[in-house]
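# An overview of the molecular structure
What follows is each chain in one-letter form.
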Amino acid sequence: MKKYLLALDQGTTSSRAIVFDRRGRVVAVAQREFTQHYPQPGWVEHDAEEIWSTQLRTAKEALRRAGATAADVVAIGITNQRETTVVWDRRTGKPVGRAIVWQDRRTAGFCDQLKARGAESMIRHKTGLVVDAYFSATKLRWILQHTPGAKALAKAGHLAFGTIDSWLLWKLTEGRVHATDVSNASRTMLYDITRGTWDDELLKLFGVPASVLPEVRPSSGLFGETRLLGGSLPISGIAGDQQAALFGQVCTKPGMVKNTYGTGCFMLMHTGTKRIASGNNLLTTVAWQLGDAAPEFAVEGSVFIAGAVVQWLRDGLGIIRKSSEIEALAAQVPDTGGVHLVPAFAGLGAPHWDPHARGLISGLTRGTTRAHIARAALEGIAFQVADILQAMQSDAGVRLRELRVDGGASTNNLLMQFQADLLGVPVVRPRVTETTALGAAYLAGLGAGLWGAPSEIASQWRAERRFESTLKPARRRELMAGWTRALARCRGD
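So, here's what we can say about the structure. Fair warning: this is a prediction, and the values are worked out from it, not measured in the lab.

## A word on the sheet that holds strand β23 (residues 463-467)
On the basis of which strands lie adjacent, the open sheet formed by seven strands has the order β17-β18-β16-β15-β21-β22-β23 and mixed pairing. The open sheet is flanked by β17 (283-288) and β23, the only strands paired with a single partner. Strand-to-strand, the axes of this sheet are offset by a mean angle of 30 degrees, without reference to chain direction. For strand β15 (residues 257-261) and strand β21 (residues 403-406), the ladder comprises four bridges, and the chain directions are parallel. Paired with threonine 260 across the bridge in β21 is aspartate 406.

## Structural notes on the packing of aromatic side chains
In this structure the tally under the stated criterion is 14 aromatic pairs. An angle of 80 degrees between the planes, with centres 5.5 Å apart, marks the rings of tyrosine 191 and tryptophan 198 as edge-to-face. For the pair formed by tyrosine 191 and tryptophan 198, the shared burial category is buried. Summarising the aromatic geometry, the rings of phenylalanine 247 and tryptophan 288 are spaced 4.8 Å apart at their centres and angled 80 degrees between planes, so their arrangement reads as edge-to-face. Linking phenylalanine 247 in helix α9 (residues 241-248) with tryptophan 288 in strand β17, this pair joins segments that are 41 residues apart in sequence. By the burial criterion, phenylalanine 247 is buried, and tryptophan 288 matches it. Three or more aromatic residues joined by ring pairs make a cluster, and in this case those are Trp102, Tyr134, Phe135, Phe266 and Phe304. Over the ring of tryptophan 43 we find arginine 106, and its NZ or CZ is 3.7 Å from the ring centre. Against the face of tryptophan 461 rests arginine 404, its NZ or CZ located 3.6 Å from the ring centre.

## Section: the packing of α9 against helix α14 (residues 435-447)
At a closest axis distance of 7 Å, the pairing of α9 and α14 adopts a crossing angle of 75 degrees. Considering their axes alone, α9 and α14 lie roughly perpendicular with respect to each other. Touching Asp241, Ala244, Ala245, Phe247 and Gly248 of α9 are Thr435, Thr436, Leu438, Gly439, Ala440, Tyr442, Leu443 and Leu446, all from α14. For the contact of α9 with α14, the class distribution of residues is eight nonpolar, four polar and one charged.

Rules and cut-offs
- Residues numbered from 1 in each chain as written.
- Predicted model: local features only at pLDDT ≥ 70, side-chain atom pairs only at ≥ 80, totals over all residues.
- Heavy atoms only, no water.
- Pairing = 2+ DSSP bridges.
- Helix = DSSP H or I, 4+ residues; strand = E, 2+ residues; numbered from the N terminus.
- Axes fitted to C-alpha atoms, helices over the stretch in contact; angles between N-to-C directions.
- Phe/Tyr/Trp six-rings, centres within 6.5 Å; stacked < 30°, edge-to-face > 60°.
- Buried < 20%, exposed > 50% of the residue type's maximum accessible area, 1.4 Å probe, protein only.
- Lys NZ or Arg CZ within 6 Å of the ring centre and 35° of its normal.
- Parallel < 35°, antiparallel > 145°, perpendicular 65-115°, else oblique.
- Contact = heavy atoms within 4.5 Å.
- Nonpolar A, V, L, I, M, F, W, Y, C, P; charged D, E, K, R; others polar.

Shown next, in the form of structure tokens:
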């Protein structure tokens, strides 16, 4: 009997492959980092061919470590860094240039022009997104405008556009399938999430010919098959990384929330088949679509800098040698001594969306030590998450019962306890923290008929630790007021 699911987890800094058993337990992992290209300040690029080669190698390596062959695998699931934009020639399968990464800010000026032209409300109504360089549409427009011959090739029908999931699917199927899923399509700023189609008005606005677009399919169901792993293997699940993590955390009922603590923080609240329009600058996004069922939605808030602030303390300030040292250093002091660290290195994300804000350390005295700064950095992550959750609860009209957490920084107990204290609700960390890859595996298993419904998966989720809030409401309000003052000082207005 086939006993494994293979998840391809293509992230911003590394490609990973994880083999799961039918109970959702990790059997084997392989990971390879790839090159980050910074050709100009604010520009971030990847080599799509390098992404493909590292992803294929990790898939083979993970199967080898599991002692498995293609014959042991039920299906493959793909999850990916979202919004990153690849354009390639259909005839050769070669990219026309480097991929433009979600972090890239080169199109911020064009986004300002769109706002000045009054296009923001139309874009928001159709896509659920704010106008920002974060999303794929302005990146695709830039590639078509600045790559020699690209416009003519696109007009002739020779070019294909995709987010990373589409690129991997194309390569895995050796050019037979050019498709994406609804969760990734909803992050392009070209997709009408209510009608469930690419939108002609948006395509015209961004100068994108329809011929370059992938077919949009449900997140769970057969996309195609690959013969590159030693046998014919179905690819039956695809979702953007944050939607996959929501599914991996089994947040499949309206009102359930997960937060991923990675380079940034990404919080999603499941809202069911109901699309909720945010009145607080959050994003409305497609969570997933399971087969022929109606698409399900989520409200999302993004923090640009979370775990990256710890890397900055290590590489920029040199106050720690390894990222893992941050918790012990921060625990040397009972509080920050009045210090606030707002890590707005790339502006502020949700719910502020201020691209001109800049990082700030305030409240310094002669008594401030590196331990106070370390603690303020960790607390700054938690404060940003609290801002998003407050906006999210206001939008959805529901009170959070618990926050399910994952990602690298979720292993930091001091941060998780402070997060629970600040939110006033339990913070719950699962036994399996590889929730992004797990979500892709679950979607693939459902798509391949391994399970009949998400309810069959829910029983597999187990908590590893539960952090209960210990803070009095008055102290919580006092802490949030201090953070609000620090935020005001770093804003770009």
